[in-house]
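Summary of structural features
Listed here are the chains, written in short residue letters.
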Amino acid sequence: MRGRLKRLQDQVLVITGASSGINLVAARNAAAQGARVLLVSRNERAMREICEGIAARGGLASYAIADVGVERDVEAAAEAALQRYGRIDTWVNGAAVSIYGRVLEVSLEDQRRLFETNYWGMVHGSRVAARYLRRHGGALINIGSVLSDRAIPVQGVYSASKHAVKGFTDALRMDIEAERLPISVTLIKPSAIDTPYMRYAKNYLDVQPKNPPPIYAPELAADAILYAAQHPVRDIVVGGGGRLISLLGMLFPRLTDIGMRWSMPYLQRTKEPARPREQNNLYHPDHDGQERSAIPDLHVFERSLYTRARLNPVKTAALAVAIGGAALLALRRR
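Only a predicted model underlies this, so the values are computations on that prediction, with no experimental measurement involved. (Residues numbered from 1 in each chain as written. Predicted model: local features only at pLDDT ≥ 70, side-chain atom pairs only at ≥ 80, totals over all residues. Heavy atoms only, no water.)

**Thoughts on the overall build of the chain**
Note the cut-off: Only DSSP runs of H or I with at least four residues qualify as helices, and only runs of E with at least two residues qualify as strands; both kinds are numbered from the N terminus onward. Radius of gyration here is computed from C-alpha atoms only, and the compact-globule reference equals 2.2 Å multiplied by the residue count raised to the power 0.38. Note on contacts: a residue pair qualifies if any of its non-hydrogen atoms lie within 4.5 Å across the two residues. Here the accessible surface of atoms and residues is derived via Shrake-Rupley with a 1.4 Å probe, and residues count as covered only by protein chains that are part of the display. In this tally, Lys and Arg are treated as positive and Asp and Glu as negative; His is ignored, and so are the chain termini. Charged side chains are reduced to one point each, which is NZ for Lys, CZ for Arg, CG for Asp and CD for Glu.
A count of helical and extended segments in the chain gives 11 helices and 13 strands. Here the C-alpha radius of gyration of the chain, 20 Å, is about what a compact globule of 334 residues would show, namely 20 Å. Counting only C-alpha atoms, the chain reaches 70 × 50 × 40 Å along its principal axes. Sequence-distant contacts, at least 24 apart, represent 77% of the contacts inside the chain between residues at least 6 apart. Of the accessible surface of the chain, which amounts to about 16,200 Å², a share of 55% is contributed by carbon and sulfur atoms. In the chain, 45 positive and 32 negative side-chain charges are present, and the distance between their average locations comes to 8 Å.

**As for a nonpolar patch on the surface**
As a reminder of what qualifies: Residues qualify for a patch when their relative accessible area is over 30% and they have no salt bridge, like charges being joined within 9 Å and the nonpolar side chains of Val, Leu, Ile, Met, Phe, Trp and Tyr within 5 Å. We define a salt bridge as a contact between a side-chain nitrogen of Lys or Arg and a carboxyl oxygen of Asp or Glu at a distance within 4 Å.
On the surface, Leu-244, Leu-248, Met-250, Leu-251, Phe-252, Leu-255 and Ile-258 cluster together into a nonpolar patch covering about 710 Å² of accessible area. Of all the secondary structure elements, the ones that give two or more residues to the nonpolar patch are helix 8 (240-251) and helix 9 (253-267). With four residues, helix 8 is the largest single contributor of residues to the nonpolar patch. Counting through the fold element by element, Met-250 comes out in helix 8.

**Considerations on the nonpolar core**
What counts, and what does not: By nonpolar core we mean a set of buried residues, namely Ala, Val, Leu, Ile, Met, Phe, Trp, Tyr and Cys, connected to one another through side-chain atoms within 4.5 Å. Buried, partly exposed and exposed residues are distinguished by accessible area as a fraction of the type maximum, computed with a 1.4 Å probe on protein chains only: under 20%, between the cut-offs, and over 50%, respectively.
Membership of the largest hydrophobic core comes to 40 residues, with the highest contact counts inside it found for Ile-15, Val-37, Leu-39, Ile-141, Ile-188, Ile-225 and Ile-236. Taken together, the elements giving at least two residues each to this core come down to strand 1 (12-16), helix 1 (21-32), strand 2 (36-41), helix 2 (44-56), strand 6 (138-143), helix 7 (218-228) and strand 12 (235-238). Sorting elements by how many residues they give to this core places helix 7 first, with eight residues. With residues up to four places along the chain from it excluded, the contact list for Ile-188 reads Ile-141, Asn-142, Ile-143, Gly-144, Ser-145, Ala-224, Ile-225, Ala-228, Ile-236 and Val-238. Core analysis: the second largest hydrophobic core is formed by 32 residues, Ala-77, Ala-81, Leu-133 and Val-165 among them.

**Digging into unusual backbone geometry**
For the bond from Pro-213 to Pro-214, the omega torsion is 0 degrees, close enough to zero to count as cis. Along the polypeptide, Pro-214 turns up in the loop between strand 10 (207-209) and strand 11 (215-216). Its identity as a non-glycine residue notwithstanding, Val-154 has a phi of 75 degrees, on the positive side. Here Val-154 shows up in the loop between strand 6 and helix 5 (156-178).

**A short note on helix 7**
Of all 11 residues in helix 7, nine are buried, a share of seventy percent or more. Every buried residue of helix 7 is listed here: Pro-218, Leu-220, Ala-221, Ala-222, Ala-224, Ile-225, Leu-226, Tyr-227 and Ala-228.

**Quick word on the packing of helix 4 (residues 108-136) against helix 5**
Stated formally: Think of each axis as a best-fit line through the C-alpha atoms, taken over the contacting stretch in the case of a helix, with angles from 0 to 180 degrees between the N-to-C directions. Roughly parallel here means an angle under 35 degrees, roughly antiparallel means over 145, roughly perpendicular means 65 to 115, and every remaining angle is called oblique. By the definition used in this description, the sense in which the near helix is turned from the far one sets the handedness, with an anticlockwise turn below a right angle giving left-handed and a clockwise turn giving right-handed.
Taken N-terminus to C-terminus, the directions of helix 4 and helix 5 make an angle of 20 degrees; their axes are 10 Å apart at the nearest point. Viewed along their axes, helix 4 and helix 5 adopt a mutual orientation that is roughly parallel. In the packing of helix 4 onto helix 5, the handedness of the crossing is right-handed. Along the contact surface, helix 4 presents Gln-111, Leu-114, Phe-115, Asn-118, Tyr-119, Met-122, Val-123 and Ser-126, while helix 5 presents Val-157, Tyr-158, Ala-160, Ser-161, Ala-164, Val-165, Phe-168, Thr-169 and Leu-172.

**Observations concerning the packing of helix 8 against helix 9**
Short version of the rule: When residue character is reported, Ala, Val, Leu, Ile, Met, Phe, Trp, Tyr, Cys and Pro are called nonpolar, Asp, Glu, Lys and Arg charged, and the others, Gly included, polar.
Direction vectors running N to C along helix 8 and helix 9 enclose 125 degrees, while the axes themselves pass 5 Å from each other. Taken together, the axes of helix 8 and helix 9 are oblique relative to one another. The residues of helix 9 that touch helix 8, namely those facing Ile-245, Leu-248, Gly-249, Met-250 and Leu-251, are Pro-253, Thr-256 and Met-260. Residues that form the contact of helix 8 with helix 9 fall into these classes: six nonpolar, two polar and no charged.

**Brief notes about the sheet that holds strand 4 (residues 90-93)**
What counts is decided by this rule: In short, DSSP must find at least two bridges between two strands for them to pair.
Within the open sheet, the seven strands sit side by side as 3-2-1-4-6-7-12. Their pairing is parallel. In this open sheet, the two edge strands, each paired with only one partner strand, are strand 3 (60-65) and strand 12. Across the sheet, the axes of successive neighbouring strands diverge by a mean angle of 15 degrees, strand direction being ignored. In this sheet, strand 12 lies alongside strand 7 (residues 183-190) in parallel orientation, the contact comprising four bridges.

Here it is as structure tokens:
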């Protein structure tokens, strides 16, 4: 059972990991469209500055400081939303950290810490959100990745965590539907996105890492999040490049292994020497507040025809019918 979701301007959204990247763009855009937003992050200074900026543009936002890997922190964030706005309509689990390195080289301590944020943070948020959303309905949105479908070398630990996010989200959706709860559960799977993701990651390489192309604008992923907040949808892949990777991995897994093994280590390396390994946000917040990577001369796709079609299914179907009708008419005339 899916409850009817409210218009964005009538909603209260809680967004974790909202201090940078996709989630920051989503928070700002939601507030700009009239929603009330609670931003959740470990970085109080960044949160304060972001909320002040939203208020200066006429939006309504507040923040809660939380490490999503700690369940009581997530519960406190939910309580902060209720005290400030009186309810929760959409909960977005977006907090994530990453590691670049071969899976056998990355320490178990670092792997466990990554899962505390990426997997357990999502579990904590989902459990807390479901507790409140079951009362009056709403949307639960988990941010996975195209790497939820297809793991790649160098980001193997991150890929594993996103596979876990997908598995939990799919199982939770079935449980919620079995109970006929009025909650929409959506998994967002972005392709490579131009965010500060690489700078914050813990890096085991001897050079600075980068995302493999094609790379898409964070606004595309933010649009998908805000669409799912208003429309019950199972999942959304952001970027046609990521969709292609998922399909190749499903249809030709062994050939995809070979191609990934050959190309991905090269495509994720820069010529810039690696920063000190301790400079990362795995255990502590780093410099936040940026939406994009600010990498010079980086080619970023600001639009995606695939994602636009996914977010406009009625228009896409009408266009397909019109094209098909025109083609049929042309054949008859011929």
